[in-house]
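Residue-level structure breakdown
The lines below spell out each chain.
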Amino acid sequence: MIRTAVIGGGAAGFFLAVNLKEMMPEMEVTIFERSSKVLAKVEVSGGGRCNCTNSFAEVRDLQQVYPRGHRLLKRLFKGFDHQDAYAWFEQHGVPLVTQDDECVFPKAQDSHAIIDCFLRLAVQYHVNIEKNHKIDALSQLEDYDYIAVTTGGSPRGEGLRWLETMGHEVVSPVPSLFTFTINEPQLTSLMGLVVEDAVAHIPGTKLQGEGPLLITHWGMSGPAILKLSSQAARLLAEAGYQMPLSIRWTPLKESEVQEVLQETAIREPQKLLGTFSPIALPQRLWAYLTEKALGARSKIRWMELNKKDMNRLVNTLANDIYQIAGRSVFKDEFVTCGGVALSSVNPATLESRAVPHLYFAGEVLDIDGVTGGFNFQAAWTTAYTVAKSIVTTNCRQGVTK
Ligand SMILES: Cc1cc2nc3c(=O)[nH]c(=O)nc-3n(C[C@H](O)[C@H](O)[C@H](O)COP(=O)(O)OP(=O)(O)OC[C@H]3O[C@@H](n4cnc5c(N)ncnc54)[C@H](O)[C@@H]3O)c2cc1C
């Protein structure tokens, strides 16, 4: 009997085990989970609904959504991508739905749809599940022919040390997907306001995040901020989460903002500047921004806007500077940037370059994505790749017992 041990009963571990049994039913597969509960993150994911993948319809460049691991994933998606994942879940009894924002959820709007599917298949295929069983040395698994490490992110690095001592390079972990603390009472008094299309950017870098931006009672959140936190995860960690932040409150470029303001001054000369916004922004935010830019002159009519006012207003709308003063947890999703370096694995098979027949899948690898279902997609793709690699290696080497 050929035996595979899967270390970690999370998203990647279950997807790997179930696919391995489908590809090779005669293989004995055991999942070792250190805690008393499997699939704990899947349960709380996406606010309890599990944003299990994305349509990728708005993804032009994988680097946009996978700041770490985009090259490897581009390669692995040829073997198993978001369309394969979508079809896989539907074929295994989990109907899915794609939202307007391209995020994919179970139609039931409940993460238990995915958990129940995995648990049902694990029983059906006789996957052994050993709970309360932590593995941190290969000597614990001497009877196994293949070992897959799917232990997930390790925010403090403690889960990576035993892998490092085996000869794997480890990229030090830092958090990703968090919101920004900004100590500006006038801004935070606008909590609850959403700007549908903003651009958040770290000045002096190319790092930016676009999309909806939410003003909160502690600072800023929403997809634009979460994307930027992912792109700039390491830079922000190195700076102790103290950094300048530039906000463009509109998708328009600086020159286009200027044109819109000039046209408004001609078309609506009598309107009060502080109460008439030509840019799609919540009125209270527009009032705050015009006052920030022009002070008492925000009470003028559009016809009174002079060149200096214009420059200040354009600058505030297109390059509004704040100071990030810390980070806060985004409860719906967070991941760890860092993990087992991709240089330590064979990019085609995800087999360790240091230890034969040892494989890695999921967040334990130095792969992480922005919010929107991209992290689970990375887990499904890497887990599927490992299942396939184990079966292929086994067939090639003719391992029999
Ligand atoms: C609150 C929250 C919400 C999220 N929502 C989403 C979302 O909606 N969409 C999305 O794409 N991503 C989401 N994510 C990210 C996503 O959950 C992870 O990227 C994904 O779970 C990674 O899967 P994994 O199997 O690699 O790790 P995990 O799911 O973390 O599983 C790892 C498992 O290994 C076990 N383990 C660890 N060490 C050992 C050991 N030594 N021995 C035995 N067992 C061990 C752990 O207990 C755990 O059960 C969310 C994350 C969080 C925290």
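Okay, so let's go over this structure. Position numbers for residues start from 1 in each chain and track the written sequence from start to end. The model is predicted, so local features are restricted to residues of pLDDT at least 70 and side-chain atom pairs to those at 80 or more, both for listing and for counting; the totals for chains, interfaces and linings are taken over all residues. Think of the side-chain values as coming from all heavy atoms in the structure, minus any hydrogens and water.

**Some thoughts on the sheet that holds strand S10 (residues 194–201)**
Applied cut-off: Strand pairing is assigned whenever DSSP detects at least two bridges linking the two strands. Helix and strand definitions follow DSSP, with helices as H or I runs of at least four residues and strands as E runs of at least two, each counted in order from the N terminus. Axes here refer to lines fitted to C-alpha atoms; in helices the fit is confined to the stretch in contact. Angles between the N-to-C directions go from 0 to 180 degrees. Whether two residues are in contact is decided by their heavy atoms, any of which lying within 4.5 Å being enough.
Pairing is antiparallel in the open sheet, where 7 strands are placed in the order S14-S13-S10-S11-S12-S9-S15. What marks the edges here is a single partner per strand, and that holds for strand S14 (320–324) and strand S15 (326–329). Sheet twist, expressed as the average angle between the axes of neighbouring strands with direction ignored, equals 40 degrees. Summarising the sheet, strand S11 (residues 208–215) and strand S12 (residues 219–221) pair through 2 bridges and their orientation is antiparallel. Within S12, the residue paired with Ile215 across the bridge is Met220. Strands in contact with helix H9 (residues 223–231) are strand S9 (178–181), S10, S11, S12 and strand S13 (243–248); relative to S11, the strand with the most contacts, it is inclined by about 135 degrees. Lying over the sheet, helix H12 (residues 283–294) contacts S10, S11 and S14, oriented at roughly 95 degrees with respect to S14.

**Here we look at the packing of aromatic side chains**
Going by this rule: Pairing of aromatic side chains here covers Phe, Tyr and the six-membered ring of Trp, requires ring centres within 6.5 Å, and sorts the geometry by plane angle: under 30 degrees stacked, over 60 edge-to-face, intermediate tilted. Only protein chains enter the accessibility calculation, which uses a 1.4 Å probe; a residue whose area is less than 20% of its type maximum is buried, one above 50% is exposed, and one in between is partly exposed. By definition here, charges over rings are those cases where NZ of Lys or CZ of Arg is within 6 Å of the ring centre and within 35 degrees of the ring normal.
One pass over the structure, following the stated rule, counts 22 aromatic pairs. Seen in terms of ring centroids, Phe376 and Trp380 are 5.4 Å apart; in terms of plane orientation they differ by 10 degrees. Their pairing is stacked. On the criterion of helical spacing, the pair formed by Phe376 and Trp380 is a turn pair, its members being 4 residues apart in helix H14 (residues 374–397). An identical accessibility class is assigned to Phe376 and Trp380; each is buried. Here the aromatic residues Phe14, Phe15, Phe80, Trp88, Phe89, Phe118, Phe376, Trp380 and Tyr384 are joined through ring pairs into a cluster of three or more. Above the ring of Phe276, the side-chain terminus of Lys271 is found at 4.7 Å from the ring centroid. When the ring centre of Tyr322 is taken as reference, the NZ or CZ atom of Lys292 above it lies at 3.9 Å.

**Topic: the pattern of salt bridges**
The criterion, for reference: Any Lys or Arg side-chain nitrogen found within 4 Å of a carboxyl oxygen on Asp or Glu counts as a salt bridge.
All chains considered together, the criterion is met by 8 salt bridges. Close ionic contact of Asp368 with Arg68 constitutes a salt bridge, the shortest N to O distance being 2.7 Å. Residue Asp368 is found in the loop between strand S17 (358–360) and H14, and its partner Arg68 is found in the loop between helix H3 (62–65) and helix H4 (70–76); the two are separated by 300 residues along the sequence. Looking at Arg68, the relative accessible area reads 14%, which means it is buried. A cluster of three or more residues bridged by salt bridges with shared partners is formed by Arg3, Glu28 and Asp143.

**Some remarks on the sheet that holds strand S3 (residues 53–54)**
The antiparallel open sheet is built from 3 strands, whose spatial order is S3-S5-S4. For this open sheet the edge positions go to S3 and strand S4 (96–98), each flanked by a neighbour on one side alone. Where S3 meets strand S5 (residues 103–106), 2 bridges bridge the pair, whose relative direction is antiparallel. When the bridges of S5 are listed, Asn54 appears paired with Cys103.

**Observations concerning the side chain of Ser45**
Along the chain, Ser45 turns up in helix H2 (residues 40–48). Its relative accessible area of 8% is what places Ser45 among the buried residues. The residues contacting Ser45, other than those within four sequence positions of it, are Cys50, Asn51, Asp332 and Phe376.

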